[in-house]
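# Commentary on secondary and tertiary structure
Letter by letter, the chains look like this.
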Amino acid sequence: MQYRQAAIDQFVVTAQQMRDIEGRIFAAGIPVAALMEKVAGLITHRIMQLFPISLSSPLSSHRIGVLVGPGHNGGDALVVARELHFRGYEVYVYHPLFKQKELTSQHLKYVESLGIPCYQSVDKLKNCDLFIDGLFGFGLQRTIAEPVASAIDLINQLNKPVVSIDVPSGLHTDTGEVLGIAIRATYTLCLGLWKLGLLQESALEYVGKAELIDFDIPLADIEAILGGSPKIKRFTTQIARSIIGKEKTSTNSTLLPRKLVTHKYKEGHLLLVCGSRRYPGAAILTSLGARASGVGMLTVAVPESLKHLMISKLPEALIIGCPETESGAISQLLPDNIDLNSFTAIACGPGLTFDAVSVVKQVLNSNAPLILDADALNILAQMKNPWIEQGTMDKTRKATTIFTPHLGEFSRLFPKINEKNQERIKAVKKAAKQSGAIILLKGPRTAIANPQGDIWINPESTPALARGGSGDVLTGLMGGLLAQSISREITPDIVTALAAWWHSQAGILAAVERTELGVDAFTLTQYLMRVVSF
């Protein structure tokens, strides 16, 4: 049962995949009406938890407007309306469309027979305190037309709580695109499996708080459609806990717990190449992120002029001062000081400036797993050599390569992929396949893709991380985790996803305690270890 719940929470489906899965369920013999009753019962239970009736005033502030569409999403909403009515809520129904599916039409007749007011004008529901959105479910592809468009606009203007069933009406289930207009939900109760559109950034301001309503889809039916290893998955807290050793599973190796007999080099040796006289803070923040990972040995290469500053901030690290340009950037990594192939992993980029071209070339030619971020990516985008040519990286590099761009850096690296309205998840998948690198595309819903087409989506984040230096912390943390993972059976794309999850969870925790405005990058580093202590 625990395995099933963990799996269900990871899986992400398109509208067609959900249709195919439901088709298997119905073909196996469950009546559509029975499944509707079950799902609506679960929705009703959750709504009653979220908006309980006050014992002192059972009806006041519990006038519920139920928005009913023509399909089975509308049928779900009508069953919810009926059950809330039986439990003492004051319910009103808006059903703007005459033509309905047979089962939905039957439920509407029964609701009307109970004396529940049903209207074809949404104006009659203006005084409701809460709305249940069952206008359109998954699979909507056409632009919302009148009179529904005006009704949605009115509901949004009322600024009342809205619970959307499965998907906020007006959102494309796969792309998250707004089809003319969409409900701005307070809660979205996603049915059965997570819909891809809910994880697209274009949908975020409409989805509200998303929760999964698990109605016991057999795993065999899911796996028959998605395969044994689905290509798109959410990186969940349970996955993270299993990797860092908080939960034991039969399939996952752990990253952080250590054997009793070990030493610092067995726990990973990370080289950070970062910083410049112009951006000394980038080197500090990247190093503090790496420190929080617990990596066994940390070496930091910085311009010679930053060496003493770095020693004062990270006395446990080996700080190597490198020759620098007149502008204060690292000019080269001297072989007599740094054997690049001796490190378990290398992370390069934060604060380098564009004057560090030769340094980026050096790390690209190493045999160590490599993370490129910030200025290293911008330099890579400009390089006219075999490593990158019109957005295609040379496939001959044997070791793992990870790019961690934000949208602007991604556009410079892959100008042909970053077309107008290009879906982020499709874009990151295409970039990983084209480049042969693992791509982490930063954003409110960070997406990670490997060259084989597997995609992880980080389902939670916070605007608190929209601060200078936050990405530097992520690079250091990721580098430390990658260095530790080499001796363990954990793939680099999962390590990358773990770093994104860990980073965002630290931001969420810090924002709760300090508000979103109180989470600067240095403060963020102090919350990283608190995430793994839960």
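Notes on the structure in this doc start here. This structure is a prediction, so every number in the text was calculated from the model and none was measured.

## A word on the overall build of the protein
Looking only at helices and strands, the protein has 18 helices and 21 strands in total. Compactness check: the protein gives a C-alpha radius of gyration of 26 Å against a globular reference of 24 Å for 534 residues, within 12% of the reference. Expressed as a percentage of the 534 residues in the protein, the buried residues total 56%. Residue pairs in contact within the protein that sit at least 24 positions apart in sequence constitute 71% of those at least 6 positions apart. Total accessible area computed for the protein in this model is approximately 22400 Å², and 52% of it derives from carbon and sulfur atoms. Positive and negative charge centroids in the protein, built from 52 and 48 side chains respectively, lie 2 Å apart.

## Side note on the pairing of strand E11 (residues 269-273)
The element E11 is largely enclosed, with a buried count of five among its five residues. Both faces of E11 are covered, namely the face carrying His-269, Leu-271 and Val-273 and the face carrying Leu-270 and Leu-272. Looking at chain direction, E11 and strand E12 (residues 297-303) are connected through five bridges and run parallel. Within E12, the position partnered with Leu-270 by the bridge is Leu-298. Taken together, E11, helix H10 (residues 280-293) and E12 constitute a β-α-β crossover, and its handedness is right-handed. Of the pairings in the sheet, the one linking E11 to strand E14 (residues 345-348) comprises four bridges and is parallel in character.

## Let's talk about helix H6 (residues 148-158)
If you check which residues of H6 are buried, you get Val-148, Ala-149, Ala-151, Ile-152, Leu-154 and Ile-155. Of the surrounding secondary structure, the elements contacted by the buried residues of H6 are strand E2 (63-68), strand E3 (90-94), strand E5 (130-134) and strand E6 (162-165). One or two steps after H6, the chain reaches Asn-159, where phi turns positive at roughly 60°.

## As for the packing of helix H16 (residues 470-485) against helix H18 (residues 521-531)
One way to put it is that H16 packs onto H18 with a least axis distance of 8 Å and a crossing angle of 35°. Crossing angle aside, the handedness with which H16 passes H18 is right-handed. Between H16, through Ser-470, Val-473 and Leu-477, and H18, the contact on the second element is made entirely by Ala-521, Leu-524, Thr-525 and Leu-528.

## Points about the pattern of salt bridges
Evaluated as defined, the whole model comprises 17 salt bridges. In this structure, Arg-234 and Asp-9 form a salt bridge, with 3.1 Å as the shortest nitrogen-oxygen distance. Taken as a pair, Arg-234 in strand E10 (residues 232-234) and Asp-9 in helix H1 (residues 2-10) lie far apart in primary sequence, 225 residues in all. Each of Glu-37, Arg-82, Glu-83 and Arg-87 takes part in salt bridges that share partners, so that together they form one network.

## Things to note about the sheet that holds strand E19 (residues 438-441)
Pairing in this open sheet of ten strands is mixed, and the strands run E10-E21-E20-E19-E18-E15-E14-E11-E12-E13 from one edge to the other. The sheet is open, and its two borders are formed by E10 and strand E13 (318-322), each paired with just one other strand. Adjacent strand axes in the sheet meet at a mean angle of 15° when their direction is disregarded. Across five bridges, E12 lies against E13 in parallel orientation. If you follow Ala-301 over to E13, its bridge partner there is Ile-320. Strand contacts of H16: E11, E14, strand E15 (370-372), strand E18 (401-403) and E19, with the helix running at about 150° to E11, the strand carrying the most contacts.

## Some words on the packing of aromatic side chains
Overall, the coordinates contain three aromatic pairs when judged by the stated rule. Geometrically, the ring pair formed by Phe-51 and Tyr-187 is edge-to-face, given 6.2 Å between the ring centres and 90° between the ring planes. Residue Phe-51 is located in the loop between helix H3 (32-50) and E2, and its partner Tyr-187 is located in strand E7 (residues 187-191); the two are separated by 136 residues in the primary sequence. Taking the relative accessible area as the measure of exposure, Phe-51 reaches 18% and is therefore buried. With a centroid separation of 5.2 Å and 45° between ring planes, the pair formed by Phe-410 and Phe-414 is classed as tilted. Residue class for Phe-410 comes out buried when judged on its relative accessible area of 0%.

## Side note on the pairing of E13
Where burial is concerned, most of E13 is hidden: four out of the five residues are buried. With helix H11 (residues 307-313) bridging E12 and the parallel E13, this β-α-β connection has right-handed handedness.

## So, helix H12 (residues 357-364)
Taken as a whole, H12 has its buried residues at Val-359, Val-360, Val-363 and Leu-364. Looking straight down H12, one finds its buried side chains confined to an arc of 135°; they lie on one side.

## Observations concerning the sheet that holds E3
Spatial strand order, E4-E3-E2-E5-E6-E7-E9: seven strands in an open sheet with parallel pairing. Here the strands that pair on one side only, and so sit at the sheet edges, are strand E4 (118-119) and strand E9 (209-213). Note that E3 and E4 share two bridges and pair parallel. Bridging from a neighbouring strand, Val-93 pairs with Cys-118 of E4.

Criteria and cut-off values
Residues numbered from 1 in each chain as written. Predicted model: local features only at pLDDT ≥ 70, side-chain atom pairs only at ≥ 80, totals over all residues. Heavy atoms only, no water. Helix = DSSP H or I, 4+ residues; strand = E, 2+ residues; numbered from the N terminus. Rg over C-alpha atoms; globule rule 2.2 N^0.38 Å. Buried < 20%, exposed > 50% of the residue type's maximum accessible area, 1.4 Å probe, protein only. Contact = heavy atoms within 4.5 Å. Areas by Shrake-Rupley, 256 points an atom, 1.4 Å probe, with all protein chains shown as cover. Lys, Arg positive; Asp, Glu negative; His and termini not counted. Charge placed at Lys NZ, Arg CZ, Asp CG, Glu CD. Pairing = 2+ DSSP bridges. Right-handed = clockwise from strand over helix to strand, strands pointing away. Axes fitted to C-alpha atoms, helices over the stretch in contact; angles between N-to-C directions. Left-handed = near helix turned anticlockwise from the far one by under 90°. Salt bridge = Lys/Arg side-chain N within 4 Å of Asp/Glu carboxyl O. Phe/Tyr/Trp six-rings, centres within 6.5 Å; stacked < 30°, edge-to-face > 60°. Arc of directions from axis to C-beta.

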